[in-house]
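The chain contents come next:
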Amino acid sequence: MTSNTMKRMITEERGEMGTLLSLGFSNVKVTSTYLMYVISATLLGSILGYFIGTLLLPQIVYNCFPIFFPEIKYHFDLGLLLISSLVSCILMIIVTIYACHNELKDMPAYLLRPEAPKNGKVILLERIHFIWNKLSFSMKITMRNISRYKNRVLITLIGTAGCCFLIMLGFALRDSIRMVGTKQYSDIIKYDNLIILNNNVDEITDELKDTFKGLIKDELLLNQSTYKVVNEEDKLDIYVVVPKEEDLFYDYYVLNDIEKNKKLTFNDGIIITPKIAERFNVKVGETFTIEDSDKNTYKIKVGGIIENYVSNYVYMSPNQYKKIFKEEPSYNVVVSKNIKDNDEIATKLLDSKKILTISFSDDLLKSANEMVEGLDEVVVLLVVISCMLAITVLYNLTSINISERTREIATLKVLGFRDKESNEYIYRETMITAIIGIILGLIITPPLHDMVMGFLEVDTLVFLRTIKIESYIYAASLTLIFVLIMRIVTYFKLKKIDLIEPLKSVE
């Protein structure tokens with residue numbers, strides 16, 4: 001973008017450059033005037049960008065995901081500012097020297113004349129006669145101009161593709177994160193509460209039944225213990241869950257195979273969640289190692305991998321537990337359905353010495369939704385950044401397009417083209433290129449979105465990789481709106497073109 005802008009600015013001032021060279025100024029002296037402009041603008045932009053990037057953007061991200069990050073404090077990093085400014089300045093200096101060199105290699109007398117327009121060439125489409133012959137005159141000119149100004153077309157493609165990608169990424173992030181809580185605590189986990197007992201038990205005693213009476217129903221005992229999956233390079237905290245009654249367990253836990261559309265049972269073997277499989281590269285039929293708090297290790301063979309988004313679990317039957325750990329399981333957790341409301345259940349159960357803690361799936365779902373309630377701010381942020389990108393690229397390129405081809409536009413108007421027809425002469429190229437850029441942006445988003453979601457995930461959280469069809473529509477529509485806004489803005493520049501001055505002889 002900077003290369004294109006500087007090249008255009010230097011081209012427009014070629015007459016001044018030719019005059020300075022004629023008066024005896026050296027190429028270095030002429031180039032230095034442009035370098036001073038570029039360096040001052042770059043330094044100002046770098047400083048402004050540094051403070052926006054370090055003050056504003058991190059705070060917005062933190063506000064969106066406060067649970068993921070510790071409290072943030074601002075820290076001014078002089079080294080970061082100097083490095084970013086230095087890199088920006090070096091790039092701008094290279095671009096400016098290159099643009100100046102391309103102009104100053106010509107003789108001063110040549111520089112004093114306007115730059116000759118680019119020659120037209122036979123394009124590939126012209127050789128496909130059955131298509132070319134059906135195109136209108138205006139469309140043929142548009143196709144030839146797209147071929148003539150390849151760099152400008154490339155920049156427009158990158159700009160609109162980047163704009164569309166950023167907008168769609170915002171909506172895709174919302175699609176992937178927003179449904180995690182609902183999927184985990186409504187579709188996968190079906191119990192209403194999880195009660196941790198003070199002491200391990202072999203069965204629900206009469207005393208526990210009296211404690212639960214009138215508050216909860218359909219109690220299921222679980223052995224839920226913490227372990228670590230280990231190998232030479234990595235560790236991951238997990239829960240090993242063993243139910244006392246398998247039939248009731250399937251009512252409370254939905255074990256959906258992550259690849260096949262079917263429900264798994266303990267008949268398929270020991271069941272694990274996706275993060276374990278991904279982190280330790282284990283597949284069905286392969287084994288991995290877990291470690292307890294005393295550093296004892298046990299081998300687990302994978303029977304199935306199920307859909308899961310919060311925390312990491314290994315599910316096994318009592319018989320499987322006995323084979324691996326060489327002992328009968330005892331139980332420390334109860335899951336069940338509510339009879340009373342959450343507050344009443346919590347108040348009465350926590351008064352009992354048998355109960356350590358209690359958590360409710362409703363509260364867990366609420367907490368999960370609160371974690372991502374700031375996603376709309378992220379979407380707005382990305383739309384604003386995309387808007388700025390689109391405006392910068394499209395306005396700049398359209399303005400350059402108009403200024404470079406003033407003689408062509410004036411000629412068309414003198415020959416009788418109406419405003420709408422002569423405007424389309426410029427706009428049609430931008431619209432065709434922008435639409436191709438939008439399609440490109442929609443194509444590149446899914447793989448890049450998958451990569452971004454991988455960066456955002458933590459050990460205890462897996463995000464969906466879902467992008468709704470509405471997100472594609474929103475991204476394409478918003479990008480197209482930015483393109484149309486630029487058409488309206490630059491329309492007035494086209495209206496102001498003088499029909500006489502551009503057509504005067506340049507000799």
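Everything numeric in this text was worked out from a predicted model, so none of it was measured. (Residues numbered from 1 in each chain as written. Predicted model: local features only at pLDDT ≥ 70, side-chain atom pairs only at ≥ 80, totals over all residues. Heavy atoms only, no water.)

K.L.:
Explanation requested: the overall build of the protein chain in the structure shown.
P.N.:
The number of helices and strands found in the protein chain is 20 helices and 9 strands. Taken over C-alpha atoms, the radius of gyration comes to 33 Å for the protein chain, far larger than the 23 Å a tight globule of 507 residues would show. The buried share of the protein chain, reckoned over its 507 residues, is 45%. Considering only residue pairs separated by 6 or more positions, the protein chain has 78% of its internal contacts joining residues 24 or more positions apart. Only carbon and sulfur atoms are counted for the fraction: they give 59% of the accessible area of the protein chain, which is about 27,800 Å². Looking at the protein chain, you have 57 positive and 61 negative side-chain charges, and the mean spots of the two groups are 11 Å apart. (Helix = DSSP H or I, 4+ residues; strand = E, 2+ residues; numbered from the N terminus. Rg over C-alpha atoms; globule rule 2.2 N^0.38 Å. Buried < 20%, exposed > 50% of the residue type's maximum accessible area, 1.4 Å probe, protein only. Contact = heavy atoms within 4.5 Å. Areas by Shrake-Rupley, 256 points an atom, 1.4 Å probe, with all protein chains shown as cover. Lys, Arg positive; Asp, Glu negative; His and termini not counted. Charge placed at Lys NZ, Arg CZ, Asp CG, Glu CD.)

K.L.:
Which parts of the structure should I look at to understand the nonpolar core?
P.N.:
Counting residues in each nonpolar core, the largest one holds 37 residues, and the members touching the most others are L222, F249, Y253, L255, Y315 and V335. Put simply, the parts of the chain that give this core at least two residues each are α9 (150-178), α10 (180-188), β2 (216-230), α12 (246-252), β7 (313-315), β8 (331-338) and α17 (375-404). It is α9 that contributes the most residues to this core, 5 residues altogether. Aside from chain neighbours lying at most four places away, what touches L222 is V241, V242, P243, F249, Y253, Y331, N332, V333 and V335. (Core = buried A, V, L, I, M, F, W, Y, C linked by side-chain atoms within 4.5 Å.)

K.L.:
Could you clarify how one ought to interpret a negative patch on the surface in this entry?
P.N.:
A grouping of D202, E203, D206 and D210 is seen on the molecular surface, where their side chains present a negatively charged patch. Relative to the elements of secondary structure, D210 occurs in helix α11 (residues 206-212). The exposure class assigned to D210 is exposed, which follows from its relative accessible area of 57%. (Patch = residues over 30% accessible without salt bridge, like charges linked within 9 Å, V, L, I, M, F, W, Y side chains within 5 Å. Salt bridge = Lys/Arg side-chain N within 4 Å of Asp/Glu carboxyl O.)

K.L.:
Would you mind going over the environment of M451 with me for this structure?
P.N.:
Relative to the helices and strands, M451 is located in helix α19 (residues 419-456). C-alpha separation for the pair M451 and R465, spaced 14 residues apart in sequence, amounts to 9.9 Å.

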